[in-house]
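Commentary on secondary and tertiary structure
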Amino acid sequence: MPYTADTRRQPPSRDELRNRIPGWGADLDPADRPSVPREKHEPTGAHWDFPERQPENTPRERSLEHKFLTPVFGTTAPLHGFSGAIRRFAYRRYSEGQTPHWLLLLAGDRVDAWESHLRSLATGRPDNPVTQTGILAEPGHRPLSSRFGRNRADLKHAWMDPVMVGGPWAAAAVLAWVGARKLLTSPSRR
Amino acid sequence: MRAMVYRGPYKVAVEEKDIPSVEHPNDAIVRVTLGAICGSDLHLYHGLIPDTRVGTTFGHEFIGVVEEVGPSVQNLKVGDRVMVPFNVYCGSCYFCARGLYSNCHNVNPNATAIGGIYGYSHSCGGYDGGQSEFVRVPFADVGPSLIPDWMSDEDAVLLTDALPTGYFGAQLGDISEGDTVIVLGAGPVGLFAAASPWLMGAGRVIVVDHLDYRLAKAREFAHAETYNFAEHRDIILELKKATDYLGADVVIDAVGAEADGSFLQHVAGAKLKLQGGSPIALNWALAAVRKGGTVSVLGAYGPAPTGIKFGDAMNKGLTIRANQCPVKRQWPRLFEHLRNGYLRPSELVTHRIPLEHIAEGYHLFSGKLDGIIKPLVVPGAS
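Residues numbered from 1 in each chain as written. Chains lettered and ligands numbered in written order. Predicted model: local features only at pLDDT ≥ 70, side-chain atom pairs only at ≥ 80, totals over all residues. Heavy atoms only, no water.

Digging into the overall build of chain A
Secondary structure assignment for chain A yields seven helices and zero strands. The C-alpha radius of gyration computed for chain A amounts to 28 Å, which surpasses the reference 16 Å derived for 190 residues by more than 25%, pointing to a less compact arrangement than a globule. In terms of overall dimensions, chain A has a C-alpha envelope of 90 × 60 × 40 Å along the principal axes. The burial tally for chain A puts 34% of its 190 residues in the buried class. With the model as given, the accessible surface of chain A reaches about 12100 Å², and the carbon-plus-sulfur share is 61%. (Helix = DSSP H or I, 4+ residues; strand = E, 2+ residues; numbered from the N terminus. Rg over C-alpha atoms; globule rule 2.2 N^0.38 Å. Buried < 20%, exposed > 50% of the residue type's maximum accessible area, 1.4 Å probe, protein only. Areas by Shrake-Rupley, 256 points an atom, 1.4 Å probe, with all protein chains shown as cover.)

Observations concerning the packing of helix 2 (residues 81-93) of chain A against helix 3 (residues 99-121) of chain A
Residues and elements named next belong to chain A. For the pair helix 2 and helix 3, the least separation of the axes is 8 Å and the interaxial angle reads 170°. Considering their axes alone, helix 2 and helix 3 lie roughly antiparallel with respect to each other. Together, G81, F82, S83, I86, R87, F89, A90 and Y91 of helix 2 and H101, L104, L105, G108, D109, V111, D112 and E115 of helix 3 make up the contact between the two elements. Taken together, the residues that form the contact of helix 2 with helix 3 break down as eight nonpolar, four polar and four charged. (Axes fitted to C-alpha atoms, helices over the stretch in contact; angles between N-to-C directions. Parallel < 35°, antiparallel > 145°, perpendicular 65-115°, else oblique. Contact = heavy atoms within 4.5 Å. Nonpolar A, V, L, I, M, F, W, Y, C, P; charged D, E, K, R; others polar.)

Side note on the nonpolar core
All names here are of chain B. Among the nonpolar cores identified, the biggest contains 83 residues, and M83, L159, V207, I358 and Y362 are the most heavily contacted of them. Considering every element that reaches this core, the biggest residue donor is helix 4 (residues 188-199), with eight residues. Two domains each provide a minimum of three residues to this core, namely domain 1 (2-161 + 326-378) and domain 2 (162-322). Look past the residues within four positions of L159 in its chain and what remains in contact with it is M83, M151, P164, V327, W331, L334, F335 and L338. Among the nonpolar cores identified, the runner-up in size contains 31 residues, and I206, V208, V251 and A281 belong to it. (Core = buried A, V, L, I, M, F, W, Y, C linked by side-chain atoms within 4.5 Å. Domains from an automatic or database assignment.)

Remarks on the UniProt feature "domain: Alcohol dehydrogenase-like C-terminal" (unreviewed entry) in chain B
When the UniProt feature table is mapped to this numbering, "domain: Alcohol dehydrogenase-like C-terminal" (unreviewed entry) covers residues 188-259 of chain B. Each end of residues 188-259 of chain B is marked by a C-alpha atom, and these two atoms are 15 Å apart; helix forms 42% of the span and strand 22%. (UniProt positions renumbered as here; feature names shortened; annotations may be inferred.)

Remarks on the UniProt feature "domain: Alcohol dehydrogenase-like N-terminal" (unreviewed entry) in chain B
Residues annotated in UniProt with the feature "domain: Alcohol dehydrogenase-like N-terminal" (unreviewed entry) correspond here to residues 25-142 of chain B. Measuring from the first to the last C-alpha atom of residues 25-142 of chain B gives 13 Å, for a span that is 4% helix and 25% strand.

What about a nonpolar patch on the surface?
A cluster of nonpolar side chains, A:W159, A:V163, B:F263 and B:L264, forms an exposed patch at the surface whose accessible area comes to about 460 Å². Mapping A:V163 onto the fold places it in helix 7 (residues 160-185). (Patch = residues over 30% accessible without salt bridge, like charges linked within 9 Å, V, L, I, M, F, W, Y side chains within 5 Å. Salt bridge = Lys/Arg side-chain N within 4 Å of Asp/Glu carboxyl O.)

Observations regarding the sheet that holds strand 13 (residues 248-253) of chain B
Residues and elements named next belong to chain B. Spatial strand order, 12-11-10-13-14-15: six strands in an open sheet with parallel pairing. Two strands bound the open sheet, and with one partner strand each, they are strand 12 (225-228) and strand 15 (319-322). The mean inter-strand angle of the sheet, taken between neighbouring strand axes irrespective of direction, is 20°. Where strand 13 meets strand 14 (residues 289-297), five bridges bridge the pair, whose relative direction is parallel. Within strand 14, the residue paired with D253 across the bridge is V297. (Pairing = 2+ DSSP bridges.)

Some remarks on the pattern of salt bridges
Under the criterion given, the structure shown has 35 salt bridges over all chains. Note that A:R8 and B:D249 form a salt bridge whose closest N and O atoms lie 2.8 Å from each other. You can see A:R8 sitting in the segment before helix 1 (14-20) and its partner B:D249 sitting in strand 13, one on each of two chains. The burial state of A:R8 is the same as that of B:D249; both residues are buried.

This is how it looks when you write it as structure tokens:
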């Protein structure tokens, strides 16, 4: 009966659960759980009080909420270009507690993607949206039966993915074509 | 070397990159023998995590063989077969000294709110990940461990993140005997999070998702009751009915920023990126838990999701616990559970994808095609 002190249905007995589920109750005692208590000192293998510092061979951006550059850091994809300027500004001007810090970083991500696409056009290996999106995996991996007739919630918006990915490329192609056509048919060229 | 490289939202390629070098005396260089794509890699792939830079190599789940060690490394030697936790951590800072390895203060200059993670954007330190042939492993004396002889490669790679994270989520729930636990999301982490409460004495485990093949796996692998939220107009009401109109004692959010279930919130958060991801799973967790219950958050979110019903959290007297998993703390106990046959992680592996075909792997995983649950990445395979 709801709304009384013993409302909840009783769980199955220990024996029933042990018979049905291998290992049931093995960690019943919180003392057997490795992250209980959550804050506990254990030997880590560290043989330093403060780690040696990794050389900073190129200027490395850091959060204002850090007192100094951490002794170890990743060195992949250093800041560059306009996206780098946006990201550098986000790190220099705003702490992590400021929303503009994160919004600028997200803006930097979008600019970075376009910068790299444009840069790739000037190389011998321009970005290939067909191979890089992995869409070639569709044949042979049940593209229809995986998606349809299964009541998947994501089908309502999955159609947006190709529009979002391919749309800017299609728009750029149309703009280029319209621009070129206008240039070729402009009165000064007649 | 060959490495996966991020080229912008929804686009990855495999390119030549320089083999990483020792940049700190306690670094090791590991030749990757097996990696994986994690559900949270999809947040990067879809452009949801701030400061994800073109040219970065993803991959925080990998195992391999030590190829080179820095001059201060004492615990590893060339040729050792190692499993590497997804956390990059120093082992000596204020947080590491308290076992909070995922919150290390000495490895991520870009943010103090999180520690270091391999291949998980500059917000997590700007480290390249293991979807490649080689990877730089900082603090080699702290993070990696030798893979026991009895453990398979596939089990070992799932112990670098997915299994410990799911198990940790159940621990955050502070489960007592007989508790009812709801797990939102039946991806690999959600399935492990659903299998783990039984070890802690749960009386019921309920899994919610919209993919029927994953719910079938939840019934088989995690002995769970299941609900397909797409089949119900109001899933919260169904869950309330199923829990005697009280709600569950514990709800684990194993979904994060790309949750489905509300078209507008998903499109605004996950597609158009107008906020730091979709708050649907978090709101469902706050709604489905009983008053005085605990919400455990494993799902990754961007920095600023909006529209979260936090007033309910206060009024219901909830305990909300969350963190990235400190992986290595879980290992000794999880090794016992594997040896006893209580947990069999490699049962979730559905696809083994050559590194050269990783773009197709991301597409399959993102589109949830071909019954995919856990894809592994195999460097050097054809």
